[in-house]
Amino acid sequence: MAGESAASHRRDPIKNTVGNAAVQRRRQHAVSVAKERREAMFRTKRLCTEVVSNDMDVAIHGDMMIEEEPSILEAQTFSAVEELKLAISSKGKDTVQKKVNALRELRRLLSRSEFPFVEIALKSGAIPLLSQCLSFGSQDEQLLEAAWCLTNIAAGKPEETKALVPTLPLLIAHLGDKSSLCVAEQCAWALGNVAGESEELRDLLLSQGALIPLARMIFPDKGTTVRTASWALSNLIKGPHPEAATELIKIDGVVDAILRHLKKSDVELATEVAWVVVYLSAISDVAINVLMNTEIVQVLVDRLASSNTLQSLIPLLRSLGNLMAGDAYTTNILLDPGHETTDSIIRSLSKCLKSEHRFLKKEATWVLSNIAAGSVAHKQLICKSEAVSLLLELLVTSPFDIKKEVAYVLGNLCVAPKDDNDNDNDNDNGSGIPFLLSDHLISFVRNGCLCGFIDLVKSSDLEAARLGLHFIELVLRGMPNGEGQKLVERADGIDAMERFQFHENDELRVMANLLVDSYFGEMYGVDE
């Protein structure tokens, strides 16, 4: 990560007996993974098809979904822009109502859920007209309709979203106290769509001062407004650089607002706020440090335990996973193995492992892999739970991407962190692995996990193959009475390793050849 990343403080995975890596890569990809989840479920940009709030006493008609021929709708869009031009240029006491009527018709056409004719509106000159309609001093109904049109233009194709650039200063200005809540919320929605489009547009919005007024919109207990502002904020700070997230967490009142909404708000609002936590914790170490000095873990765990919808569980899991991938010392203190919070998170993660949704399974295993990379006490806690039997089953039955996450968890449970006080070198079994963790290894292997790891070695995914090779090494070193060699051979592990004999990846080639030479050399099987 750029800027403030401290990869050296991330927890090591299974590889800490033979080297360091992987968590840095996993943390670097946290943003892209979270974005992938979010876009798969919600869309980063959103079309507005109904009024954002009922706080303003204006007539908003819900007739935008009329089904008509595309050619007719195209002509109507062109005509609506022309009507708006005439209304803006006209003078008289009914000028405002003419503008509102023209804006409403244009908004109706741009609010179609399928193929709104944004391109026609843009070619007809809609943007400068809408910008004029956003001028301060205009009536709220006019401002709302103009912002609504811009919101749905910004929900279109990339080049259509970029067309809003001239209007951004006005949209940002209407986030302040001088605008009604309804207008401010609609402008926040438009800006959220712009921010969701690209890093370039996010940087432009940040340079124009969008962050602070958006952040202040989450302070009050105004349901839909906070929800819209939170969604826009999560789009604005999603990176890849940490500066925006760091600036946001430093704004007075932001952390208190986040905690309050996560504790007390309805599911939809809390879900949007949780996505803000996802991006704060994914890309800014400053934000992680600030959050970890609050009750955020307890709050997230409580929400996780009471949530049942996929939409809410995903950001809660992702937030916890990001926080657990932070500083190991801090995480070990916050997740006290004897505390109810820690027991609760293990139970909630086990519940997610049983889900039919692959997103939940993958997110839950990712969080567990970070907890499992902690102290021996954390590993024991997981091993005593039902999570292990669920993980062993997933290693056999789940799709490849989940198997790889499961492999991280099981592998981490078999090795002790180098600086763990419980890791007494006098208490090992002669293999260089602490006796307690050998118990974990032996239990997993005798419950059939070895074949799953060898399948990873056979895969074309180099990270997965590396995981599999490391686990084979643990089996060869840690199983008693030379049992590991026989188990690996029976599971076709030798052939799996020999495919790397001339592999182009130096690390995997050396690792596999060393294991084969050390444990299956000329003397292997002679005694028998």
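First, a word on scope: everything that follows refers to the structure included in this document. (Residues numbered from 1 in each chain as written. Predicted model: local features only at pLDDT ≥ 70, side-chain atom pairs only at ≥ 80, totals over all residues. Heavy atoms only, no water.)

## Digging into the environment of L236
Part 1 of the reasoning: Looking at where L236 falls in the secondary structure, it is placed in helix α13 (residues 223-236).
Part 2 of the reasoning: Sequence separation between L236 and L206 is 30 residues; the distance between their C-alpha atoms is 7.8 Å.
Part 3 of the reasoning: Sequence-distant contacts of L236, defined by excluding residues within four places in its chain, comprise A195, R202, L205, L206, A210, L211, L214 and A244. (Helix = DSSP H or I, 4+ residues; strand = E, 2+ residues; numbered from the N terminus. Contact = heavy atoms within 4.5 Å.)

## Remarks on unusual backbone geometry
Part 1 of the reasoning: Following G239, the chain continues into P240 via a peptide bond in cis, with omega recorded as 20°.
Part 2 of the reasoning: Residue placement: P240 occurs in the loop between α13 and α14 (243-250).
Part 3 of the reasoning: One non-glycine residue, N481, lies in positive phi territory at about 55°.
Part 4 of the reasoning: Here N481 shows up in the loop between α28 (462-478) and α29 (483-490).
Part 5 of the reasoning: For D492, which is not glycine, the phi torsion reads 70° and is therefore positive.
Part 6 of the reasoning: Residue position: D492 is located in the loop between α29 and α30 (493-498).

## Quick notes on the packing of aromatic side chains
Part 1 of the reasoning: Counting across every chain of the model gives two aromatic pairs.
Part 2 of the reasoning: The interplanar angle of 5° and the centroid separation of 3.7 Å between the aromatic rings of F453 and F471 together place this pair among those described as stacked. Here the residue F453 occupies a position in helix α27 (residues 450-458), and F471 occupies one in helix α28, the gap between them amounting to 18 residues.
Part 3 of the reasoning: Over the ring of W148 we find R107, and its NZ or CZ is 4.2 Å from the ring centre.
Part 4 of the reasoning: The side chain of R499 reaches across the aromatic face of F500, ending 4.6 Å from its centre. (Phe/Tyr/Trp six-rings, centres within 6.5 Å; stacked < 30°, edge-to-face > 60°. Lys NZ or Arg CZ within 6 Å of the ring centre and 35° of its normal.)

## Focus: the pattern of salt bridges
Part 1 of the reasoning: One pass over the structure, following the stated rule, counts 22 salt bridges.
Part 2 of the reasoning: The residue K98 makes a salt bridge to D94 at a minimum N-O spacing of 3.9 Å.
Part 3 of the reasoning: The salt bridge partner of D492 is K458, with a shortest N-O separation of 3.2 Å. Residue D492 is located in the loop between α29 and α30, and its partner K458 is located in helix α27; the two are separated by 34 residues in the primary sequence. (Salt bridge = Lys/Arg side-chain N within 4 Å of Asp/Glu carboxyl O.)

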